[in-house]
Amino acid sequence: MADTSNSISLKAMVDKASNQIIFVESDSDFIDVIFSFLTIPMGNLIRLAPNQSILGIGCMNKLYSSVKNMDVKHLQTEACKDMLLSPRSVAESQCKNLKVKIDKDEATQFFMCSHNRVDCKLSYCKFDSCASCGGSINKEKNLLVTDGGVFVKGLSRLIISDDLKVIPPLTAAGLPLCAKFGVMDGNATEEVTINVGVDEVLNLLMRSIASKTPLTESLLKSKPRLKFCNKNQRIHTEPQMAKDNTLSEGTISIRPIVSKSKKMVCYAEAGEGFVNLLLSFLNIPLGFIVKHMGNCSSQGCIDQLYKSVQDLDDQYILSSYHKEMLLTPKLVPGFCYENHLLGTEEATYYYAGSTGFLSTDKALLATRTAQATKSIRSYCSQESALTSIRPIAVRDPKANHHEHKSAQAQGYLKGPAMFTVTDDLDIRPVSLILGLSLLNKLEVPLTDIEVQTVQVHKEEALHLLVASFLGDSALTDTFVRKPEQNKRIKQEQ
Ligand SMILES: [Zn+2]
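Residues numbered from 1 in each chain as written. Predicted model: local features only at pLDDT ≥ 70, side-chain atom pairs only at ≥ 80, totals over all residues.

(A) Seen up close, the sheet that holds strand β10 (residues 349-352). Read from one edge to the other, the open sheet built from three strands follows the order β11-β10-β12, with strand pairing classed as antiparallel. Edge positions in the open sheet fall to β11 (357-359) and β12 (389-392), since each of these has one partner strand only. For this sheet, the mean angle separating the axes of adjacent strands, direction not counted, is 25 degrees. When β10 meets β11, the two strands line up antiparallel, connected through three bridges. What sits directly across from Y350, in β11, is S359. Relative to β11, helix α14 (residues 362-374) is tilted by about 160 degrees, and along the sheet it contacts β10, β11 and β12. (Pairing = 2+ DSSP bridges. Helix = DSSP H or I, 4+ residues; strand = E, 2+ residues; numbered from the N terminus. Axes fitted to C-alpha atoms, helices over the stretch in contact; angles between N-to-C directions. Contact = placed C-beta atoms within 7 Å.)

(B) Representation of the sheet that holds strand β1 (residues 8-15) within the structure. Taken in spatial order, the five strands of this open sheet run β6-β5-β2-β1-β7, and their pairing is antiparallel. Since the sheet does not close on itself, it has two edges, and those belong to β6 (166-167) and β7 (189-196), each with one partner. Pairing analysis gives eight bridges linking β1 to β7, with the strands arranged antiparallel. Across the sheet, residue V14 finds its bridge partner in β7, namely E190.

(C) Local environment of unusual backbone geometry. Of note, the amide linkage connecting G415 to P416 takes the cis form, showing an omega dihedral of -5 degrees. In this structure, P416 sits in the loop between β12 and β13 (418-422). The backbone of N19 shows a phi angle near 50 degrees, a positive value even though the residue is not glycine. Locating N19 in the fold gives a position in the loop between β1 and β2 (20-26). Phi is positive for L164, close to 65 degrees, though the residue is something other than glycine. Looking at where L164 falls in the secondary structure, it is placed in the loop between β5 (158-161) and β6. For L164, a count of 23 C-beta atoms within 10 Å corresponds to the buried category. (Buried ≥ 20, exposed ≤ 12 C-beta atoms within 10 Å, placed from the backbone.)

(D) Representation of helix α16 (residues 432-441). Sparse coverage of α16 is indicated by the burial of zero of its ten residues. Within two residues after α16, E443 carries a phi angle of roughly 55 degrees, on the positive side.

(E) Inspection of the environment of P256 at higher detail. Turning to its location among the elements, P256 is positioned in strand β8 (residues 252-259). The spacing of P256 and V454 is 198 residues in sequence and 7.5 Å in space, taken between C-alpha atoms. The residues contacting P256, other than those within four sequence positions of it, are V265, A268, Q452, V454, L475 and F479.

In short, shape yes, function no, at least from these values alone.
Okay, here's the thing in structure tokens:
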């Protein structure tokens, strides 16, 4: 990669005998890149995964191809498919400043109507008429981009261990790491300069999910190909999540077809509510999943990366808003739906009527609005410019606006509809023939099956999300296997 505008130069301390990276030392450019992993929605992660690793990431890739192969007639709007296969990220305007960008670098387009009354909405596409004022929605808008900086402060220098522990250099935290590898012995270690470009970052992203030594594997040459084998992991969600069933009014019921002897879900029959929940996983940022993984370990060290952000002293992070964006990533407005069992939150767009600026970062919007009005106007009008900042709603991209101008959709799918969902989350329209062929393939006789009815609450929804990221039998993990049984399976291996 000769183009240095899209690459980062790193200093790495390498153990010569094992050819392993002990740590790399870096400024904010590289830290921002790895921190940004937590903001990537699952759908984009699958889309970006190089062919060699597409077999992995639990059931998410099956889910992704189910959407890809789904007939658009099942979806509320054509936009729904794009929303799931190429989801927008709330961190988009921050990630514009990344030194190495792994995803397409197009700005999200927004449109507003010309009247721009308080109740007029923002839209992701052009429309003939605004539901509130009737004006046409054709005024283009872009999000504010910060002057520089993404998540960490510009001059921060930090060290990153092979398993993505991020620590300040030359502290009590860093020295044990050096002692472990005998860094003081100049013959055993060497300093290597590494150029990190798009390929290396993509590789690092994938390996951070699958390996405990992602830096070595992605940045040092001639390392083995990435292998995923994520069967039978012990999966459980945090207990505090489990108690939170009272809030979710709309629970969903599904019918798992269970093999009594194999103690597994062969497949399940479910309505659009359950499938909407599954499809929404593609919109969920990686950091949200890691947050809910609790103590169940992933094969990779993405959970270590998450912990590093949590533990990193606030002096290194731009603001609490940025920290929050990494630790509790939100969804882009309009991408969620009501009664969503996972309890994900949507971000809010703020709009400054006086300057026409738009951002999810209210503080940034206020600063820029003040700057823009300071030079030319009096203090008084600067005040009024700041008071013109208001949250602005988004026209639901999932709803069919040709039928109802201000429609809100309950998910991505048209209902009522029934689907067959396999244990690894292949989703197709319900069919008896399909069900029978699935049983046939699994060699489960009809005498061995039991048709159950189970309720999906918030606890099950979160478990399902984590299970579909970590393993390839999400339904069995969630609805049949108890944690004790998982433990037993692990011991048998
Ligand atoms: Zn309007």
